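Here are the chains, one letter per residue:
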Amino acid sequence: MGKLENQWLSSPTRRTALRSLVTSFVAGTPLLRGQQDPFRDHSRVPAMRELVNAFDFEAVAFAKLPRDAYDYTALGVEDEFTLRRNRQAFEWVELIPQGIVDANSVVTATEVLGTPMAYPIMIAPTASHLSLHPDGEMGTHKGATAASNTPFIISNNASFPVDKIAKAATGPIWFQLYPKETLEDNQQLIDVAQDNGCKAIVLTYDGASGSSATGPRERALHDRHLESNRLEQDANSGGDKSRIAVETRRTRRPRKYGLTGSGVGLDWKWVDSVRAVTKVPFLTKGILTGEDAAACVEHGVNGIVVSNHGGRAMDYGPATLEVLAEVVDGTRGRIPVLVDGGFRRGTDVLKALALGAKAVCLGRVPRWGLAAYGPQGSQRILEIVQGELVMAMAATGRPTLASIDRTLVRTDF
């Protein structure tokens, strides 16, 4: 073939030339301003189909969100050691594939405390989704339902009322309870959650000094002059109406040692009284030791969430993956153990299952999806992690959840 023919074959067709011309004109229109990254205005926010893992969504969320809204999702407390350690811990766990196993059909369905799940994955409770997208928690719930009915734990500090979130989609919901000062206050929140279909109550104990208080979140302090309207947005949208009523009914006490959050001192007598007025399964979130896990079993708690609040409550604590096996052993198999903290990939989920978790809760991941692309983003990012879990189970020769045990992993902690 001659030079002229080669040149002709490699030259653009008329259709390609016209498409390029039209694209160049359209790219200059202000109608596409929404695609521009406000921090790097020469770049383009990619289409959702171009993203291949959960980390890709974080970059888009960063591009689209105001700085204070992004930082609220990303931050940890003080030096953010625990925040980093949650992720680093996954590097200390190796997967050891099984030998010759038929893994052509992978089964991931399970059930936790009466809640059926297509995958052992849930959405952890996180606050103020309205700062991420106008649909707020309703959008997250829609995305979770579309992603194989993924259960959604509604935060006690949600932007919208529980009833409004519950009506947005049909997937299973649980409710997170931050401790309030009186039994009446707690029962009011629990009754509202139960009346709106929440299948479990998750009491959060992710703090210090017998409370759910937290230390200083320094990223948020650096953003204090950015005129954040996150809390105002939540108030205007109704938030949890019963929560707002409870918190405005009485004056808040000054917090000791500069801590923020709930100032309620917790003991087992207090926990027993709240559990007694709960009709659905009752879990404690924030357990990090086998001793506390055994106490939960002794006091009739129905389940545990191993959590350090995503590194947002106390710094220089252990990663949740490090202590997971100890907590599981502390229950002696009598109650299910869930875990959160740094989970980003299907292999992360598989490692937790091997160490004894019944299911894994994702916190920041669905927030990135919602911020990046709305409810469809939450759906897609969950589907990516779900798909990665299936591939990891097949690759390691563990085709069912029952076949996953500690022989699958080798730990270095």
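Quick caveat: nothing in here was measured; it's all calculated off a predicted structure.

Peer 1: Tell me about the confidence of the model for the chain, and please be specific about residues and values.
Peer 2: Chain-level pLDDT for the chain is 86 on average; 77% of the residues reach the 70-or-more range. Across residues 208-212, confidence stays below pLDDT 50; counting only partners more than four residues off in sequence or on other chains, it has 19 contacts. Note that pLDDT drops below 50 for residues 244-254; the model gives that stretch 15 contacts with residues more than four away or on any other chain.

Peer 1: Tell me about the packing of helix 6 (residues 136-146) against helix 17 (residues 375-395), residues and numbers included.
Peer 2: Interaxial distance between helix 6 and helix 17 falls to 7 Å at its minimum, and their mutual angle equals 40°. Taken together, the axes of helix 6 and helix 17 are oblique relative to one another. Here helix 6 and helix 17 pass one another in a crossing that is right-handed. Facing helix 6, whose interface residues are G139, T140, K142, G143, A144 and A146, helix 17 presents P375, S378, Q379, L382 and E383. For the contact of helix 6 with helix 17, the per-class residue count stands at four nonpolar, five polar and two charged.

Peer 1: For the pattern of salt bridges, give the residues involved together with the corresponding values.
Peer 2: Two side chains carrying opposite charge are able to pair once their charged atoms lie near each other. Under the defined criterion, the tally for this structure stands at 10 salt bridges. A salt bridge links K285 to D340; its shortest N-O distance comes to 3.7 Å. Of the two residues, K285 is situated in strand 10 (residues 282-287) and D340 in the loop between strand 12 (337-339) and helix 15 (346-354); the sequence distance between them amounts to 55 residues. With respect to burial, K285 and D340 carry one shared label: buried. With a shortest N-O distance of 2.8 Å, R345 and E388 are connected by a salt bridge. Residue R345 is found in the loop between strand 12 and helix 15, and its partner E388 is found in helix 17; the two are separated by 43 residues along the sequence.

Peer 1: Which residues make up helix 14 (residues 320-331), and what values go with them?
Peer 2: Here helix 14 is 12 residues long and its end C-alpha atoms lie 16 Å apart, about the 16 Å a rise of 1.5 Å per residue gives. Across the 12 residues that make up helix 14, a large majority, 10, are buried. Turning to helix 14, its buried residues number three or more, namely T320, L321, E322, V323, L324, A325, V327, V328, G330 and T331.

Peer 1: Give a description of the pairing of strand 10 that names residues and reports values.
Peer 2: With respect to burial, strand 10 is a largely interior element, six of its six residues being buried. Relative to strand 10, strand 7 (residues 201-204) runs parallel, the two being bridged by four bridges. Each residue of the ladder has a partner; that of L203, found in strand 10, is T284. As paired strands, strand 10 and strand 11 (residues 303-306) are joined by four bridges and run parallel to one another. Bridge pairing links I287 to V306 in strand 11. Considered for its hand, the β-α-β crossover made up of strand 10, helix 13 (residues 290-298) and strand 11 is right-handed.

Peer 1: If you had to explain the pairing of strand 13 (residues 359-362) to someone new, which residues and values would you point to?
Peer 2: Of the two faces of strand 13, the one lined by A359 and C361 and the one lined by V360 and L362 are each fully buried. Two elements, strand 4 (residues 121-123) and strand 13, share three bridges in a ladder whose sense is parallel. For M122, the partnering residue across the bridge sits in strand 13 and is C361. For the handedness criterion, the β-α-β arrangement of strand 12, helix 15 and strand 13 is classed as right-handed.

Peer 1: So what about the side chain of N53? Which residues, and what values?
Peer 2: Within the secondary structure, N53 is located in the loop between helix 2 (14-27) and helix 3 (54-64). A relative accessible area of 12% places N53 in the buried class. Polar contacts involving the side chain of N53 include one to the main-chain amide nitrogen of F55, which spans 3.0 Å. For N53, the side chain forms a polar contact with the main-chain nitrogen of D56, separated by 3.0 Å. When residues no more than four places from it in sequence are discounted, the contact partners of N53 are R345, I384 and E388.

Peer 1: Give a detailed account of the nonpolar core, specifying residues and quantitative values.
Peer 2: Ranked by internal contacts, the top residues of the largest apolar core, which has 89 residues, are F175, V306, L321 and L324. Ranked by residues supplied to this core, first place goes to helix 17 with seven residues. Non-local contacts of L324, meaning those with residues more than four positions away in its chain, are made with V306, V337, V339, A352, L355 and A357.

Reading the values: the criteria
- Residues numbered from 1 in each chain as written.
- Predicted model: local features only at pLDDT ≥ 70, side-chain atom pairs only at ≥ 80, totals over all residues.
- Heavy atoms only, no water.
- pLDDT = per-residue confidence, 0-100.
- Contact = heavy atoms within 4.5 Å.
- Axes fitted to C-alpha atoms, helices over the stretch in contact; angles between N-to-C directions.
- Helix = DSSP H or I, 4+ residues; strand = E, 2+ residues; numbered from the N terminus.
- Parallel < 35°, antiparallel > 145°, perpendicular 65-115°, else oblique.
- Left-handed = near helix turned anticlockwise from the far one by under 90°.
- Nonpolar A, V, L, I, M, F, W, Y, C, P; charged D, E, K, R; others polar.
- Salt bridge = Lys/Arg side-chain N within 4 Å of Asp/Glu carboxyl O.
- Buried < 20%, exposed > 50% of the residue type's maximum accessible area, 1.4 Å probe, protein only.
- Expected span 1.5 Å × (residues − 1).
- Pairing = 2+ DSSP bridges.
- Right-handed = clockwise from strand over helix to strand, strands pointing away.
- Polar contact = N/O pair within 3.5 Å; in protein donor to acceptor, adjacent residues only side chain to side chain.
- Core = buried A, V, L, I, M, F, W, Y, C linked by side-chain atoms within 4.5 Å.

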